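# Coordinate analysis (summary)
Listed here are the chains, written in short residue letters.
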Amino acid sequence: MFSVKNETFLKEKEELLIIGLYDRPIKFEGELAELDDALNGQLTELVKEGDISAKKKETALIPTLGRVPVKRLLFIGLGKDKKADFQEMKEAIGAAAKTIKKVRLSSIAVALDSFVCERIEADDAAHAFSEAFGLASYEFKGYKQQSNDPEQAVEQVTVYTKAEAGVVSAALHVGYVFSQGTNSARTLVNTPGNLLTASDMADYARKLAETYNFEVEILEKEDIEKLGMGAFLAVNQGSVEPPKMITLKYHGQEEWKDVLGLVGKGITFDTGGYSIKPKTGIVGMKTDMGGAAAVFGAMEIIGELKPQQNVVAVIPATDNMISGEAFKPDDVITSMSGKTIEVLNTDAEGRLVLADAMTYAKHHKADYLVDVATLTGGVVVALGDDKTGALTNNEEFFEEVLEASNEAGEFIWRLPLTEKDKQRIRSSKIADLNNSPGREGHAIMGGGFVGEFAEDTPWVHLDIAGTADSSKASALGPAGATGVMARTLALLALRRPDNQEK
Ligand code: BES
Ligand code: ZN
Ligand code: ZN
């Protein structure tokens, strides 16, 4: 996909050259000044007239009409260089990727050094470019019969730079891998429940394991019964699709120690069960495996980039259905941990499947746990659809997750979890826990319930009910699944070995 050239782009017959434009007094210097000269100062003129803008995220496509070998120039406004920011640069590049899609070219080129400034080095610019380009180019093919619209994906990107080619290549690779892991998560979430069952998720895990040499274990219903995962089984009880407890292990060190556990809610469709969802709330519930998708996406990135960090991923996969055999409100169930649970609401199923998955991750010696889940409508009410809600039992570990999320550009916001909150979760008269202590603070109740199964293990909960999919397109992707948290989780694993040495 990417090739790096330590040459000038001036003599190359590229179809399209992407140029970053900072808002600063001198717009064109060095090679860009030469390009402007070759075009008789027309670029300077177009800037003056406002046809080419340095304003953030503005793009301008300029044909060169045969005056230079490059056929078209695509300018991307980057705003003030003194305020340059990695995440905003990605968004600007994403906007440009959409223009490129319209032009339908198989090969493009980038003047990478035009993106470099005091705050952004060449490797950061390269990473920003490949990640944003990969994310913004994503499309979910869907299931329509073939259209006559010819498609043309970019296959080749030539990156011109004076910076060291090896460093730039490596950064391009990392950014691209991040985008692809995220896009895989998006596709899983966009796939409807009839085409992505728990068994399909298990097959997906097997393939991932084969590609990246992960250890894989799929627990079948009988195994799940033997292990006493009563909470997970209860949710599956009304389904004709067998449940799968999926485990992937990545060995980043010789010894199985300092293990990071990633636990993702894998509800392939959530009807709500007997506490059935209203007809407006049920549509879209194919996305209820967004946590599992984020974990798979992160594992793909981890498999590609191979950090020195042990990782165990655990995904409880099932749908939440209704039948004569389904679990009911008032049922009392026993989780693998031994903790008993009074079911007050069968629609609060995520916390039940996660309960056993958390215990199972600990069984596989996870020393740190992050659970990711489309867990509550409450988090959307509290934080909107662009912020992931977080809870924790460990300040230091939360700080690590927060830093990873900042680096990924995925916003998370922590909610409190007080002793009083925990008392409400433990307030059942007849069981240890109750799965639905009421509407008040219910994002906290949901996450806090999962935390009961982390016990003393450092734990962070990420509720992505608002962020896993989006009704609007963004600079970095179309409407639909966002693949949120795949990059944050991967970065957490990639950053950990360094953090531990400190
Ligand atoms: N899967 C839903 C949460 C959800 C809501 C995800 C909207 C995405 C968009 C979850 O299983 C659920 O139904 N939660 C209930 C919990 C309640 C019954 C305690 C909710 O949030 O209403
Ligand atoms: Zn539910
Ligand atoms: Zn759910």
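Residues numbered from 1 in each chain as written. Chains lettered and ligands numbered in written order. Predicted model: local features only at pLDDT ≥ 70, side-chain atom pairs only at ≥ 80, totals over all residues. Heavy atoms only, no water.

## Details of the UniProt feature "domain: Cytosol aminopeptidase" (unreviewed entry) in the protein chain
Annotation from UniProt places "domain: Cytosol aminopeptidase" (unreviewed entry) at residues 345-352. Along residues 345-352 one finds 38% helix and 0% strand; the C-alpha atoms at either end are 11 Å apart. (UniProt positions renumbered as here; feature names shortened; annotations may be inferred. Helix = DSSP H or I, 4+ residues; strand = E, 2+ residues; numbered from the N terminus.)

## Re the coordination of the zinc ion (ligand 3)
Distances from the zinc ion (ligand 3) to its protein donors, K265 (NZ), D270 (OD), D288 (OD) and E349 (OE), fall at 2.0 to 2.4 Å. Note that the zinc ion (ligand 3) binds six donor atoms; their angles at the metal cover 77 to 171°, and the shape is octahedral. Counting residues between consecutive donors of the zinc ion (ligand 3) along the chain gives the motif K-x4-D-x17-D-x60-E. Overall, D288 belongs to the buried group, its relative accessible area being 2%. (Donors = N, O, S within 2.8 Å, 3.2 Å for Na, K, Ca; no water. Tetrahedral: all angles 85-135°; square planar, octahedral: opposite > 155°, others 65-115°. Buried < 20%, exposed > 50% of the residue type's maximum accessible area, 1.4 Å probe, protein only.)

## Observations regarding the sheet that holds strand β13 (residues 340-342)
Taking strand neighbours across the sheet as the criterion, the three strands line up as β12-β13-β17 in an open arrangement whose pairing is mixed. Each end of this open sheet is capped by a strand with a single partner; those strands are β12 (332-334) and β17 (433-434). Inspection of the sheet shows β13 paired to β17 by two bridges, in the parallel sense. Among the inter-strand pairings, E342 is bridged to a residue of β17, identified as N434. (Pairing = 2+ DSSP bridges.)

## Observations regarding unusual backbone geometry
A negative phi angle characterises most non-glycine residues, just as the trans form characterises most peptide bonds. The phi torsion at K306 lies on the positive side, around 45°, for a residue other than glycine. Positionally, K306 belongs in the loop between α10 (290-305) and β11 (311-320). When its relative accessible area of 52% is taken as the criterion, K306 is described as exposed. Of note, K365 is a non-glycine position whose phi angle comes to about 75°, a positive value. Here K365 shows up in the loop between α11 (350-363) and β14 (368-373).

## Brief notes about the UniProt feature "binding site: Mn(2+) 2" (unreviewed entry) in the protein chain
As annotated in UniProt, the feature "binding site: Mn(2+) 2" (unreviewed entry) corresponds to K265, D270, D288 and E349 in the numbering used here. These annotated residues cover 85 residues of sequence, and their C-alpha atoms lie no more than 11.3 Å from one another, placing them together at a single site. With respect to the helices and strands, K265 occurs in the loop between β9 (260-264) and β10 (266-270). The residue D288 is located in the loop between α9 (279-282) and α10 in this model. Once residues within four sequence positions are removed from consideration, D288 is found in contact with K265, G266, I267, D270, E349 and T374. (Contact = heavy atoms within 4.5 Å.)

## Some details on the nonpolar core
If you look at the biggest cluster of nonpolar residues, it comprises 57 residues, and the most contacted ones within it are M299, V370 and L462. It is α10 that provides the largest number of residues to this core, a total of 10 residues. Sequence-distant contacts of L462, defined by excluding residues within four places in its chain, comprise V370, D371, V372, A373, T388, G389, A390, V401, I412, M485 and L489. (Core = buried A, V, L, I, M, F, W, Y, C linked by side-chain atoms within 4.5 Å.)

## Looking at the site of ligand 1
Near ligand 1 lie 16 residues; those nearest to it are K277, D288, D347, E349 and G377. One nitrogen or oxygen atom from the main chain of L375 is found 3.4 Å from a nitrogen atom belonging to ligand 1. Coverage of ligand 1 by the protein chains reaches 81% of its 510 Å² of free accessible surface. (Near = heavy atom within 4 Å. Polar contact = N/O pair within 3.5 Å; in protein donor to acceptor, adjacent residues only side chain to side chain. Areas by Shrake-Rupley, 256 points an atom, 1.4 Å probe, with all protein chains shown as cover.)

## Remarks on the coordination of the zinc ion (ligand 2)
Only D270 (OD), D347 (O), D347 (OD) and E349 (OE) from the protein coordinate the zinc ion (ligand 2), and they sit 2.0 to 2.2 Å from it. Given six donor atoms and angles of 72 to 167° at the metal, the environment of the zinc ion (ligand 2) is assigned as irregular. Binding-site remark: the zinc ion (ligand 2) is held by donors from one chain whose sequence spacing is D-x76-D-x1-E. A gap of 3.2 Å separates the zinc ion (ligand 2) and the zinc ion (ligand 3), which D270 links by coordinating each metal. Of this pair, D270 sits in strand β10 while E349 sits in the loop between β13 and α11, and the two are 79 residues apart along the sequence.

## Observations concerning the environment of F140
Residue placement: F140 occurs in the loop between α4 (122-136) and β6 (156-160). Distance from F140 to P478, taken between C-alpha atoms, is 8.6 Å for residues 338 residues apart in sequence. Among all residues touching F140, those that are not within four sequence positions of it are T187, N190 and T191.

## Brief notes about empty space enclosed by the protein
If you walk through the whole model with that rule in mind, you get two cavities of 30 Å³ or more. Estimates place the volume of the largest cavity at around 70 Å³. Elements represented by at least two residues in the lining of the largest cavity include exactly β4 (72-79) and α3 (86-103). Ranked by the residues each element gives to the lining of the largest cavity, the list is headed by α3, at three residues. Considering only residue class, the lining of the largest cavity consists of six nonpolar, one polar and four charged. Size it by volume and the second largest cavity reaches roughly 30 Å³. (1 Å grid on protein atoms, 1.4 Å probe; cavity = no way out; pocket = protein on both sides within 12 Å on 5 of 7 lines; lining within 4 Å. Points joined across faces, edges and corners; volume = space filled by probe spheres on them. Nonpolar A, V, L, I, M, F, W, Y, C, P; charged D, E, K, R; others polar.)

## Thoughts on the pattern of salt bridges
Pairing between side chains of opposite charge can happen when the charged atoms of each approach one another. Scanning the entire structure with this criterion turns up 29 salt bridges. Taking the shortest distance from any N to any O, the salt bridge between E131 and K90 comes out at 2.8 Å. Taken together, the residues span a long stretch of sequence, with E131 in helix α4 and K90 in helix α3 at a distance of 41 residues. Of the two residues examined, E131 and K90, each falls in the buried class. The salt bridge involving E455 is made with K362; its shortest N-O contact spans 3.0 Å. In this pair, E455 sits in the loop between α15 (442-451) and β18 (459-463) while K362 sits in helix α11, placing the two residues 93 residues apart along the sequence. Residue class for K362 comes out partly exposed when judged on its relative accessible area of 23%. A single salt-bridge network, built from bridges that share partners, covers K90, E131, E410 and R487. (Salt bridge = Lys/Arg side-chain N within 4 Å of Asp/Glu carboxyl O.)

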